[in-house]
Amino acid sequence: MRPLIAGNWKMHGSLRDAGVLAEGVRAGGAGARAELLVCPPFPYLVPVGGALGSDVALGGQDCHAAAKGAHTGDVAAAMLRDVGASYVILGHSERRADHGETDSVVRAKAEAALAAGLTPIVCVGESEAQRVVGEAEAVVTLQLDGSLPEGFAEAGGVVAYEPVWAIGTGLTPTEVEIAAMHATIRANLEKHFAAAGAKLRILYGGSVKPGNAKGILALPHVDGALVGGASLVAGDFLAIAAGVPDAA
Ligand code: 13P
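Residues numbered from 1 in each chain as written. Predicted model: local features only at pLDDT ≥ 70, side-chain atom pairs only at ≥ 80, totals over all residues. Heavy atoms only, no water.

S.K.: Explain the site of the ligand here, please?
M.R.: Close contacts around the ligand come from 13 residues, with Lys10, His92, Gly168, Ser207 and Gly229 the closest. At 2.8 Å from an oxygen atom of the ligand is found a side-chain nitrogen or oxygen belonging to Lys10. Protein chains bury 97% of the 310 Å² of accessible surface belonging to the ligand in isolation. Because more than half of its atoms lie within 2 Å of the grid, the ligand is assigned to the second largest pocket. Residues of the shell around the ligand, tallied by class, amount to 4 nonpolar, 7 polar and 2 charged. (Near = heavy atom within 4 Å. Polar contact = N/O pair within 3.5 Å; in protein donor to acceptor, adjacent residues only side chain to side chain. Areas by Shrake-Rupley, 256 points an atom, 1.4 Å probe, with all protein chains shown as cover. 1 Å grid on protein atoms, 1.4 Å probe; cavity = no way out; pocket = protein on both sides within 12 Å on 5 of 7 lines; lining within 4 Å. Sits in = over half its atoms within 2 Å of the grid points. Nonpolar A, V, L, I, M, F, W, Y, C, P; charged D, E, K, R; others polar.)

In structure tokens, the structure reads:
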């Protein structure tokens, strides 16, 4: 499967910064071995989508579970689709922490994304305390069991494993630990979706940088990366994408 390298810009930058960054990413989009995806803040989706051109995909960082309605400050999946997004990140640990999103909320959002024709990227990952006591795999398994909706596999849904303690810290699990967790996630996807689960992309996220990307992306069941900080520099983001294995 073609790896996916996704940039989560989070709540960073100005309109001008977003335009410059999108232009920089566009330059590397054509001919990239990996599929490239950029997820800017909501107000910048339209200009960034225009600046990215057709070789780089556009995504949202969240959507509401309802198709429409009285939900001040929220954005519907169909609105993202309407402005050219094809993906949406759901259940990021920052949304789980900042907005109290539970697995069932994430699943409802993923259902809304599927109904609107968006590909959900469902994020899971353990805290440092959970890893220290040996609960990482159990936590991630529970998150997957609670967050993945029916129809996820048919739509080519994506799972992103992002250990909370690795996000923005410069720390990462060892390659052995990443490979073990991705194998667990693959087994879970096959449990839920049978053979279709073998074909879904599992991304790693958490302090992915040009210097560690190649090693991580070569691991079994690592089918791409979800990149935060390093996605804010076009050259770093493209260098990460250049780290996907040749055979991919
Ligand atoms: P960093 O790459 O900044 O650690 O962020 C990862 C992340 O949260 C992507 O969604």
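Next comes the rest of the write-up.
S.K.: Just checking my understanding: could you explain the sheet that holds strand 8 (residues 224-227) for this structure?
M.R.: Whether parallel or antiparallel, the strands of a sheet pair through hydrogen bonds between backbone atoms. Taken in spatial order, the 8 strands close into a barrel running 1-2-3-4-5-6-7-8, and their pairing is parallel. Strand-to-strand twist across the sheet, computed as the mean angle between neighbouring axes with direction ignored, equals 25°. Alignment of strand 4 (residues 87-90) against strand 5 (residues 119-124), held across 4 bridges, turns out to be parallel. By the bridge assignment, Leu90 is partnered in strand 5 with Val122. Contacts from helix 7 (residues 136-147) reach strand 5 and strand 6 (158-161), with the element oriented near 150° to strand 5. (Pairing = 2+ DSSP bridges. Helix = DSSP H or I, 4+ residues; strand = E, 2+ residues; numbered from the N terminus. Axes fitted to C-alpha atoms, helices over the stretch in contact; angles between N-to-C directions. Contact = heavy atoms within 4.5 Å.)

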